[in-house]
Amino acid sequence: MEKGNKGVQLVGFWVSPFVHRVKWGMKLKGIEFEYIEEDMFNRSPLLSQINPVTGKVPVLVHDGNPLPESSIILEYLDEVWSHAPLFPIDAYQRAQARFWSKFADQKVLESAWLTVCSKDEIQEKAVKDAIGHLERVEEKLGGRRFFGGDTIGYLDLMMGFIAYMLPVWEEVAAVTILDALKFPNLAAWKSNFVDHPTINGDLPSKDEMLTFFQWQREVHLQRI
Amino acid sequence: MEDKVILLDFYPSMFGMRPRVALAVKGIDYEHREEDKENKCQLLLESNPIYKEIPVLIHNGKPVCGSFVIVEYIDEVWKDKSPTLLPCDPYQRAQARFLADYIDKKVMETGNLIWCEEREEKEAGKKGFVEFMKQMESELGDKPFFGDNGFGFLDVALITYTPWFKTFEICGDFSIQQDYPKLSSWVKKCLEIESVSKSLADPDNVYNFYLTIKEKRGI
């Protein structure tokens, strides 16, 4: 991409929860952007040009400057566009949000994804780990409507995959991780999240996600 | 109200060194508490119940966990104390955060391989580490520090691995200082800052710690 181009582009892949977070973040903040779909199984030269380090999506391109990593992009959006802040103002609350966002990806998402990619004892352990991590998240959320309080914010976006993608993974892997009876706070938050006007009209198709992740599970199990 | 700052730490930890460096360069008074990894204190277990790991910064009774989270917190709360560690420009700030995370991923990944006994894994680790160092040299360019305005966030991220370089060199049987002149020069400049050099672990102490771990694990 040539430097000096105006506007905002988001390079993404339709089923990536990391891309969804950024898309929703931009919509919540009212930022106009052009979405560019990248086929992650047939990557274009564009992606290696704008993200030579990891080659992953999402990549935000703002005025020709590329930026990867969803959590970092969301912080950047909040710093450049001050309208409808996603982050708390207080420094301690910001530190908490950063800590929990790493937990969301490194622990919750990793263990949940492993249940899709594995079977038998490895899968059993992954389920146990994922449930343990969700117990922490349940406690962190408490009875609040959103992690951000009354309004949806950064941590809701980072945890968002729990609301709409985890149920798909559970179905594909034939496991139960988020039992509504065991996790009443998260069960309520799930509805609040997917019913939010910005999220509701913009979720990927459940059938398409099921087909995609069933195929992914077959591919991963063949490698074992 | 006077600030009360406690740092739960472990001397050889590259992660623990980061808040030590940040607090020292900004001249912030704090109480340092050395943790025993084999016998973690109640305060650590309560302050970081999720990972039960150092570093933990406890500021007026409130715990902050994670080395980069702590350094950003220090920079935000004590923004009136120079140096400002994170860049002022949002894009530069985002780049610094990205590279800091990348540094951790690459060094841990390649370092863990270098420590393996099997030759193939050791060689793969060395190769990865060499590539990583080349990337860092390129990122540094001709600047004295990674930060555009002097010693900053990325410098904090990488300098705390340098006490471990001697250990990597011995395990991998290769030389880091010799092959990367720009980075060697950068290390020297960082160590000329007294608050930085006094916050870093001694490389010989780090190597002895590594040998103790090896012995305990029967390697």
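Read on for a plain summary of the structure. Not measured: the values here are computed from a predicted model.

### Considering the pattern of salt bridges
If you walk through the whole model with that rule in mind, you get 29 salt bridges over all chains. Between A:Lys125 and A:Asp129 there is a salt bridge whose closest N-O contact spans 2.9 Å. Here A:Asp129 and A:Lys125 lie together in helix α5 (residues 120-141), a separation of four residues that amounts to about one turn. The exposure class assigned to A:Lys125 is exposed, which follows from its relative accessible area of 52%. A salt bridge links A:Glu171 to A:Lys206, with the shortest nitrogen-to-oxygen separation between them at 3.5 Å. Taken together, the residues span a long stretch of sequence, with A:Glu171 in helix α8 (residues 166-173) and A:Lys206 in helix α11 (residues 206-223) at a distance of 35 residues. In this structure A:Glu171 comes out as partly exposed when scored by relative accessible area, which is 47%. Through salt bridges with shared partners, one network takes in A:Glu75, A:Glu79, A:Arg94, A:Arg98, B:Glu72, B:Glu76, B:Arg93 and B:Arg97.

### Considering the sheet that holds strand β4 (residues 62-65) of chain B
Residues and elements named next belong to chain B. Spatially, the four strands line up as an open sheet ordered β2-β1-β3-β4, and their pairing is mixed. The open sheet has two edge strands with one neighbour each: β2 (31-34) and β4. Strand-to-strand twist in this sheet, taken as the mean axis angle between neighbours without regard to direction, amounts to 20 degrees. Sitting on the sheet, helix α1 (residues 14-25) touches β1 (5-9), β2 and β3 (56-59), and the angle it makes with β1 is about 150 degrees.

### Side note on helix α8 (residues 181-191) of chain B
Helical geometry note: an α-helix holds 3.6 residues per turn, so side chains three or four residues apart project in the same direction. Residue and element names in this part refer to chain B. What α8 keeps buried is the set Leu183, Ser184, Trp186, Val187 and Cys190. Taken end-on, α8 shows its buried residues confined to a sector of 160 degrees, consistent with a single buried face. Set apart from the buried face of α8 by more than 90 degrees, the exposed residues are Pro181 and Lys188. Next to the buried residues of α8 lie α5 (119-140), α6 (153-159) and α9 (194-197).

### Focus on the packing of aromatic side chains
Per the stated rule, a full pass over the model turns up 36 aromatic pairs over all chains. Aromatic side chains A:Phe13 and A:Phe41 sit 5.9 Å apart centroid to centroid with 70 degrees between the ring planes, which places their arrangement in the edge-to-face category. Residue A:Phe13 is located in the loop between β1 (8-12) and α1 (17-28), and its partner A:Phe41 is located in the loop between β2 (34-37) and α2 (45-50); the two are separated by 28 residues in the primary sequence. When its relative accessible area of 9% is taken as the criterion, A:Phe13 is described as buried. Between the aromatic rings of A:Trp14 and A:Phe212, the centroid separation amounts to 5.8 Å while the plane-to-plane angle is 80 degrees, which identifies the pairing as edge-to-face. Note that A:Trp14 is positioned in the loop between β1 and α1 and A:Phe212 in helix α11, a separation of 198 residues in sequence. Each residue in the set B:Phe10, B:Tyr102, B:Trp115, B:Phe129, B:Phe132, B:Trp164, B:Phe165, B:Phe168, B:Phe174, B:Tyr207, B:Phe209 and B:Tyr210 is aromatic and connected to the rest through ring pairs, giving one cluster.

### Focus on the environment of A:Ser71
Its place among the elements puts A:Ser71 in helix α3 (residues 70-80). Taking the C-alpha atoms as reference, A:Ser71 lies 22 Å from A:Trp169; in sequence the two are 98 residues apart.

Conventions used here
- Residues numbered from 1 in each chain as written.
- Chains lettered and ligands numbered in written order.
- Predicted model: local features only at pLDDT ≥ 70, side-chain atom pairs only at ≥ 80, totals over all residues.
- Heavy atoms only, no water.
- Salt bridge = Lys/Arg side-chain N within 4 Å of Asp/Glu carboxyl O.
- Helix = DSSP H or I, 4+ residues; strand = E, 2+ residues; numbered from the N terminus.
- Buried < 20%, exposed > 50% of the residue type's maximum accessible area, 1.4 Å probe, protein only.
- Pairing = 2+ DSSP bridges.
- Axes fitted to C-alpha atoms, helices over the stretch in contact; angles between N-to-C directions.
- Contact = heavy atoms within 4.5 Å.
- Arc of directions from axis to C-beta.
- Phe/Tyr/Trp six-rings, centres within 6.5 Å; stacked < 30°, edge-to-face > 60°.

Just distances and angles here, no functional claims.
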